[in-house]
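Architecture at a glance
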Amino acid sequence: MYLLFREKTLFTLRGMFQSPGSFLIVNAVVVLLIVGYFLSIKKTPTTSLNFKKKADASSEAMDLDDKTQSIMLNVFFNYNGHTFDAYEVLGVPAGSNLSEIKNAYQKTLTAHDDSTKPFYKAAYDAILKSQKS
């Protein structure tokens, strides 16, 4: 590509980058333009997270007292060195009754291969063990 200058001499872009100094100057100008563009973009204000508890009546009503204990519904079991949630494995909500768990266990046994049956049996046994205690 040819450019025409004031002295009416022809100049190619290829000749412009023959000296390393001009190459560095052009790259520096490009970098400064890019940096200037990003600095000129309007910044949105950042939000700060407030981790301090507010002492009002609504938050006190939602907090658990020391006397009240929460009940954990999930049952976890170990199989081949990994921990799994038994309810999630069988596809039932945590805290389901025994008949729903039994139906889900039978469905998973019929839908999956024989190689995965010990895994589902371990999940079913973990739920039965937790419900007996």
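Residues numbered from 1 in each chain as written. Predicted model: local features only at pLDDT ≥ 70, side-chain atom pairs only at ≥ 80, totals over all residues. Heavy atoms only, no water.

Broken down by element type, the protein chain carries six helices and four strands. For the protein chain, the N- to C-terminal ordering of α and β elements is β-β-α-α-α-β-β-α-α-α. Relative to its full complement of 133 residues, the protein chain shows a buried share of 15%. In the protein chain, once contacts between residues fewer than 6 apart in sequence are set aside, the share between residues at least 24 apart is 33%. Summed over all atoms, the accessible surface of the protein chain reaches about 11800 Å², with 60% contributed by carbon and sulfur. (Helix = DSSP H or I, 4+ residues; strand = E, 2+ residues; numbered from the N terminus. Buried < 20%, exposed > 50% of the residue type's maximum accessible area, 1.4 Å probe, protein only. Contact = heavy atoms within 4.5 Å. Areas by Shrake-Rupley, 256 points an atom, 1.4 Å probe, with all protein chains shown as cover.)

What follows concerns the nonpolar core. If you look at the biggest cluster of nonpolar residues, it comprises 17 residues, and the most contacted ones within it are Phe77, Ala86, Leu90 and Ile101. Top contributing element to this core by residue count: helix H6 (residues 117–132), with six residues. (Core = buried A, V, L, I, M, F, W, Y, C linked by side-chain atoms within 4.5 Å.)

Here we take up the pairing of strand E4 (residues 82–85). With four bridges joining them, strand E3 (residues 76–79) and E4 adopt antiparallel strand pairing. Each residue of the ladder has a partner; that of Phe76, found in E4, is Asp85. Hairpin geometry of E3 and E4 is characterised by an intervening segment of two residues between the two adjacent antiparallel strands and by a positive phi of about 55° at Asn80. (Pairing = 2+ DSSP bridges.)

Let us now look at a nonpolar patch on the surface. On the surface, Val30, Ile34, Tyr37, Phe38 and Ile41 cluster together into a nonpolar patch covering about 500 Å² of accessible area. By the secondary structure assignment, Ile41 is in the loop between helix H2 (20–40) and helix H3 (57–62). (Patch = residues over 30% accessible without salt bridge, like charges linked within 9 Å, V, L, I, M, F, W, Y side chains within 5 Å. Salt bridge = Lys/Arg side-chain N within 4 Å of Asp/Glu carboxyl O.)

Time to look at the pattern of salt bridges. Enumeration according to the criterion identifies two salt bridges in this entry. A salt bridge links Lys121 to Asp125; the shortest N-O distance between them is 3.4 Å. Here Asp125 and Lys121 lie together in helix H6, a separation of four residues that amounts to about one turn. By relative accessible area, which is 33% here, Asp125 ends up partly exposed.

For H6, spanning 16 residues, the distance from its first C-alpha to its last is 22 Å, which sits close to the expected 22 Å at 1.5 Å a residue. Among the residues of H6, Phe119, Tyr120, Ala123, Tyr124, Ala126 and Ile127 are the ones counted as buried. The buried residues of H6 all sit within an arc of 155° when viewed along its axis, so they share a single face. Counted as exposed and oriented over 90 degrees from the buried face of H6: Lys129 and Lys132. (Expected span 1.5 Å × (residues − 1). Arc of directions from axis to C-beta.)

Let us now look at the packing of helix H5 (residues 98–111) against H6. Two elements in contact, H5 and H6, have axes separated by 10 Å at closest approach and are oriented at 170°. What the angle tells us is that H5 and H6 run roughly antiparallel. Every residue of H6 that contacts H5 at Leu98, Ile101, Lys102, Tyr105, Thr108 and Leu109 is listed here: Lys117, Tyr120, Lys121, Tyr124, Ile127, Leu128 and Gln131. Of the residues that constitute the contact of H5 with H6, the class distribution is eight nonpolar, two polar and three charged. (Axes fitted to C-alpha atoms, helices over the stretch in contact; angles between N-to-C directions. Parallel < 35°, antiparallel > 145°, perpendicular 65-115°, else oblique. Nonpolar A, V, L, I, M, F, W, Y, C, P; charged D, E, K, R; others polar.)

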